[in-house]
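Residue strings, one per chain:
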Amino acid sequence: MSQPAFTIVEVVFPLMTQLDFTAPHQVFSRLPGIATRVASATGGTIASHEGLRFEGTERLADIAACDLLFIPGGMGIAAVLNDAETMAQVRRLAGGARYLTSVCTGSLVLAGAGLLKGKRAACHWAWRGQLARFGAIPDSGRVVRDGDIITGGGVTAGLDFAFTVAAEIVGPDAAEALLLMLEYAPEPPFAGGRPELARPEVRQRVDEIYSATLPKRMAEVEEYARRMSL
């Protein structure tokens with residue numbers, strides 16, 4: 001009798017950042033002996049922040065268990081935190097999973113579910129400090145592992161994260177072979193992809209852009225954290 005496949009559940013939600021999801025999915029879906037299941041609270045079609053629509057997602061409530069739970073981030077993360085059904089399903093699936101994982105602000109969902117207390121975790125740099133509101137330890141690493149919790153930083157860190165996970169669950173040889181097949185050999189045209197590397201004028205420009213959108217979203221996350229602490 002063949003062994004059941006190692007199952008990865010990828011949790012998607014409205015206004016997620018599509019690359020947070022699709023970059024790891026590109027890796028996970030190509031791994032031998034791995035079953036990937038894309039699920040959302042409602043099932044059906046989910047639209048990303050960028051307008052891409054992902055059809056046919058399963059309902060989280062219909063999935064009995066998984067080996068690895070993966071949560072991307074995005075503009076809709078505060079809504080996820082404040083959706084009791086989604087958070088209940090995350091906690092349920094996390095309870096039986098061998099690995100808990102995320103990319104970008106997805107770690108805030110794990111933290112908000114009470115799963116990262118005392119654990120080091122990565123997050124998008126603009127949101128990293130919010131992890132402490134839930135008892136997690138913010139870590140500036142691009143990929144951070146604390147036991148069976150593996151988290152990636154912002155957006156493009158999803159590929160580094162995914163290959164780290166791949167090496168863990170199928171072995172480094174298979175992961176490295178896929179790395180070659182996908183020709184993952186990044187050579188960014190600019191060296192400013194982290195706050196400490198960005199030119200001051202670029203950092204100022206990004207801060208101005210974020211000032212128009214982050215305060216409201218931060219306040220929603222902080223309100224959730226306040227309620228959870230009562």
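Residue numbers run consecutively from 1 along every chain, following the written order of its sequence. Totals for whole chains, interfaces and linings use every residue, but because this is a predicted model, local features are given only for residues with pLDDT of at least 70 and side-chain atom pairs only at 80 or more, for both listing and counting. Only heavy atoms go into the side-chain values, all of them from the structure, while hydrogens and water stay out.

Caption draft 1: Highlighting the packing of helix 5 (residues 157-170) against helix 6 (residues 172-181). Two numbers describe how helix 5 lies on helix 6: the axes approach to 7 Å, and their chain directions differ by 140 degrees. If you check the angle between helix 5 and helix 6, you find them oblique. Of the residues in helix 6, those touching helix 5 at Phe-163, Ala-166, Ala-167 and Val-170 are Pro-172, Ala-174, Ala-175, Leu-178 and Leu-179. Just so you know the grouping, Ala, Val, Leu, Ile, Met, Phe, Trp, Tyr, Cys and Pro go in nonpolar, Asp, Glu, Lys and Arg go in charged, and all remaining residues, Gly too, go in polar. Partitioned by chemical class, the residues of the contact of helix 5 with helix 6 number nine nonpolar, no polar and no charged. Interaxial angle, 0 to 180 degrees, is taken between N-to-C directions of lines fitted to C-alpha atoms, where a helix line uses only the stretch in contact. Per the convention used, a helix needs a DSSP run of H or I reaching at least four residues, while a strand needs a run of E reaching at least two, with both numbered from the N terminus. Orientation labels follow simple angle bins: below 35 degrees gives roughly parallel, above 145 gives roughly antiparallel, 65 to 115 gives roughly perpendicular, and whatever is left gives oblique. We call two residues contacting when some pair of their heavy atoms lies within 4.5 Å.

Caption draft 2: Inspection of the nonpolar core at higher detail. For the purposes of this section, nonpolar cores are sets of buried Ala, Val, Leu, Ile, Met, Phe, Trp, Tyr and Cys residues that join through side-chain atoms within 4.5 Å. Partly exposed residues are those whose accessible area sits between 20% and 50% of the maximum for their type, while under 20% is buried and over 50% is exposed, using a 1.4 Å probe and protein chains only. Counting residues in hydrophobic clusters, the biggest one holds 44 residues, and the most contacted among them are Val-9, Leu-69, Leu-116, Trp-127 and Leu-131. Going through the elements one at a time, strand 1 (6-11), strand 2 (34-40), strand 5 (68-71), helix 2 (77-81), helix 3 (84-96), helix 4 (106-112) and helix 8 (214-229) are the ones with two or more residues in this core. For this core, the element with the highest residue contribution is helix 8, accounting for five residues. The residues contacting Trp-127, other than those within four sequence positions of it, are Thr-105, Leu-108, Leu-214, Arg-217, Met-218 and Val-221. Counting 20 residues, the second largest nonpolar core, distinct from the first, contains Ile-8, Val-103, Cys-104 and Ile-169.

Caption draft 3: Quick look at the sheet that holds strand 3 (residues 44-47). Strand pairing follows a simple DSSP-based rule, namely that at least 2 bridges must link the two strands. In spatial order, the strands read 3-4-2-1-5-6-10-9; together these eight strands make up an open sheet with mixed pairing. The outermost strands of the open sheet, each flanked by one partner alone, are strand 3 and strand 9 (143-146). Adjacent strand axes in the sheet meet at a mean angle of 30 degrees, parallel and antiparallel pairs treated alike. Helix-sheet contacts for helix 1 (residues 18-28) involve strand 1, strand 2, strand 4 (53-59), strand 5 and strand 6 (99-103), and the interaxial angle to strand 2 is about 160 degrees. Along the sheet face, helix 3 touches strand 1, strand 5 and strand 6 and points at about 145 degrees away from the line of strand 5.

Caption draft 4: Region of interest: the pattern of salt bridges. Throughout this description, the term salt bridge denotes a Lys or Arg side-chain nitrogen within 4 Å of a carboxyl oxygen of Asp or Glu. Tallying each qualifying case throughout the model produces eleven salt bridges. Members of the salt-bridge network, linked through shared partners, are Arg-145, Asp-148 and Glu-168.

Caption draft 5: Expanded view of the environment of Gly-96. When you line up the elements, Gly-96 lands in helix 3. Distance in space between the C-alpha atoms of Gly-96 and Ala-64 is 9.4 Å, their sequence separation being 32 residues.

Caption draft 6: Up close: helix 5. To estimate the expected span of a helix, count its residues, drop one, and scale the result by 1.5 Å. Its 14 residues give helix 5 an end-to-end C-alpha distance of 20 Å, which sits within 8% of 20 Å, the value for a rise of 1.5 Å per residue. Inspection of helix 5 places Ala-157, Gly-158, Phe-161, Ala-162, Phe-163, Val-165, Ala-166 and Ile-169 among the buried residues, and these make up the whole buried set. Positive phi shows up at Gly-171, right after helix 5, with a value of about 100 degrees.

Just distances and angles here, no functional claims.
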